[in-house]
Amino acid sequence: MGPLFTCSIDDGHPSDLKTAEMLHKHGLSGTFYIPIRNCEGDAVLTEPQIRDLGRLFEIGSHTYDHRYLKKVDIWQAYHQINDGKRKLEDVLGAPVNGFCYPGGRYCPRDVELVKACGFTYARTTMNLCFGTGNKPYEMPTTIQFYPHDRAVYMRNFLGSGNWYNRIDGLLLAMQHENWIRRLYAMFDHACRNNGTFHLWGHSKQIDQLNAWHELDVFFKHVASRIASPRRLSNEQLAARAMWVPEPGIAHSI
Ligand SMILES: [Zn+2]
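Let me sum up the structure you'll find in this document. (Residues numbered from 1 in each chain as written. Predicted model: local features only at pLDDT ≥ 70, side-chain atom pairs only at ≥ 80, totals over all residues. Heavy atoms only, no water.)

## Brief notes about the packing of helix α3 (residues 74-92) against helix α4 (residues 108-116)
Stated formally: A fitted line through C-alpha atoms represents every axis, and for helices the fit uses only the stretch in contact; the resulting angles, taken between N-to-C directions, go from 0 to 180 degrees. Only DSSP runs of H or I covering at least 4 residues are called helices, and only runs of E covering at least 2 are called strands; the numbering of each starts at the N terminus. Under this scheme an angle from 65 to 115 degrees is roughly perpendicular, one under 35 degrees roughly parallel, and one over 145 degrees roughly antiparallel; angles in between are oblique. Helix crossings fall into two classes, left-handed where the near helix is turned counterclockwise from the far one by less than a right angle and right-handed where it is turned clockwise. By definition, residues are in contact when any of their heavy atoms lie within 4.5 Å.
Viewed as axis vectors pointing N to C, α3 and α4 meet at an angle of 40 degrees, and their least axial separation amounts to 10 Å. Judged by the angle between their axes, α3 and α4 are oblique. Classified by chirality, the crossing of α4 by α3 is right-handed. When α3 is examined against α4, the residues Ile-74, Ala-77, Tyr-78 and Ile-81 are found in contact with a partner set consisting of Arg-109, Asp-110, Leu-113 and Val-114.

This is how it looks when you write it as structure tokens:
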């Protein structure tokens with residue numbers, strides 16, 4: 001028993017290599033969700049860089065072009081989901097089992113497409129959770145590494161549902177104005193309750209915030225509290241979750 005830790009980094013920005021170096025330095029695990037291109041114009045890791053990253057971390061797909069699936073028709077959604085997976089598998093020479101919805105925007109059709117394309121799990125941007133939820137294709141997170149204000153947490157809480165399992169997280173998020181204090185408070189809550197702490201973020205934002213030192217210190221804190229076998233990739237977390245039908249929650253063993 002004991003708390004679990006996982007980390008998701010989205011968008012495949014070249015500064016992911018710095019995040020990876022930091023995770024590796026502290027012996028932590030996580031998953032990098034990478035699109036092949038970014039239609040918003042951001043740089044994406046090169047193929048050799050993706051292969052290097054894949055030697056140490058799980059690589060998940062984030063569509064082909066980082067398209068918000070809700071905004072495209074079913075054929076485009078299919079190609080984004082399917083082609084992003086196949087291309088990454090070509091680059092890595094290995095299966096890609098995890099998917100993450102760009103912008104956290106998706107509809108039930110997209111969940112079905114993700115299943116049909118052969119992914120085994122998918123991650124959302126639902127936050128404030130200390131478990132894996134009860135849907136393998138809508139796995140939630142705990143908190144984003146970003147200085148959101150309280151209104152963002154309230155909006156995410158109201159808009160994403162699953163309120164019963166998220167109310168503790170919301171109250172903690174509301175208690176803290178300072179985002180770093182909030183981060184530690186959420187992590188300590190997960191530790192006290194033997195829950196799952198799922199951090200997610202964007203390396204480009206960490207760079208813009210100049211928050212590498214804060215991330216380094218936080219990872220050191222995480223490594224001091226989480227036993228090595230309980231530091232997981234998203235895929236490992238999904239694999240050990242016992243998915244149960246509603247209204248229960250999935251417990252990790
Ligand atoms: Zn994204």
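Back to the write-up after that little detour.
## Here's the deal with the side chain of Thr-125
Heads up, the rule is: Residue burial is assigned from relative accessible area. The probe radius is 1.4 Å, only protein chains are included, and a residue is buried under 20% of its type maximum, exposed over 50%, and partly exposed in between.
Secondary-structure assignment places Thr-125 in the loop between β5 (121-123) and β6 (143-144). By relative accessible area, Thr-125 is classed as buried at 17%. Setting aside chain neighbours within four positions, we find Thr-125 in contact with Gly-103, Gly-104, Thr-141, Asn-156 and Trp-200.

## Details of the nonpolar core
What counts here: What makes a nonpolar core is a set of buried Ala, Val, Leu, Ile, Met, Phe, Trp, Tyr and Cys residues whose side-chain atoms join them at distances within 4.5 Å.
Residues Phe-5, Phe-32, Tyr-101, Phe-197, Leu-199 and Phe-219 are the most contacted members of the largest nonpolar core, which totals 59 residues. Top element by residues in this core is helix α7 (residues 179-192). It accounts for seven residues. If sequence neighbours within four positions are ignored, Phe-197 has contacts with Leu-4, Phe-5, Thr-6, Thr-142, Ile-143, Leu-183, Met-186, Phe-187, Ala-190 and Phe-218. In this structure, Leu-4, Leu-232, Leu-237 and Ala-238 belong to the second largest nonpolar core, which totals eight residues.

## Describing the coordination of the zinc ion
The line we're drawing: In this analysis a donor is any N, O or S atom within 2.8 Å of a metal ion (3.2 Å for sodium, potassium and calcium), and since water is not included, sites may seem incomplete.
Donor atoms from the polypeptide that bind the zinc ion are Asp-11 (OD), His-62 (NE2) and His-66 (NE2), placed at 2.1 to 2.2 Å. For the zinc ion, the donor residues sit on a single chain with the sequence spacing D-x50-H-x3-H. Within this pair, whereas Asp-11 is found in the loop between β1 (4-10) and α1 (16-25), its partner His-66 is found in the loop between β3 (58-61) and α3, the two being separated by 55 residues in sequence.

## Digging into the packing of aromatic side chains
The test is simple: The pairing test for Phe, Tyr and Trp rings, Trp by its six-membered ring, is centres within 6.5 Å, and the orientation test on the planes gives stacked under 30 degrees, edge-to-face over 60, and tilted for anything in between. In this scheme, the term charge over a ring applies when either NZ of a lysine or CZ of an arginine sits within 6 Å of the ring centre and within 35 degrees of the ring normal.
For the structure shown, the criterion picks out eleven aromatic pairs. Summarising the aromatic geometry, the rings of Phe-5 and Phe-197 are spaced 6.3 Å apart at their centres and angled 10 degrees between planes, so their arrangement reads as stacked. One end of the pair, Phe-5, is in strand β1; the other, Phe-197, is in strand β7 (residues 196-201), and 192 residues separate them in sequence. Taken individually, Phe-5 and Phe-197 each receive the classification buried, so the pair is uniform in this respect. Ring centres 4.0 Å apart and planes at 20 degrees place the aromatic pair Tyr-101 and Tyr-106 in the stacked group. As far as the burial class goes, Tyr-101 and Tyr-106 line up, both buried. Linked through ring pairs, Phe-5, Tyr-184, Phe-187, Phe-197 and Phe-218 together constitute an aromatic cluster. Between Lys-85 and the ring centre of Phe-119, over which it is positioned, the NZ or CZ distance is 5.3 Å.

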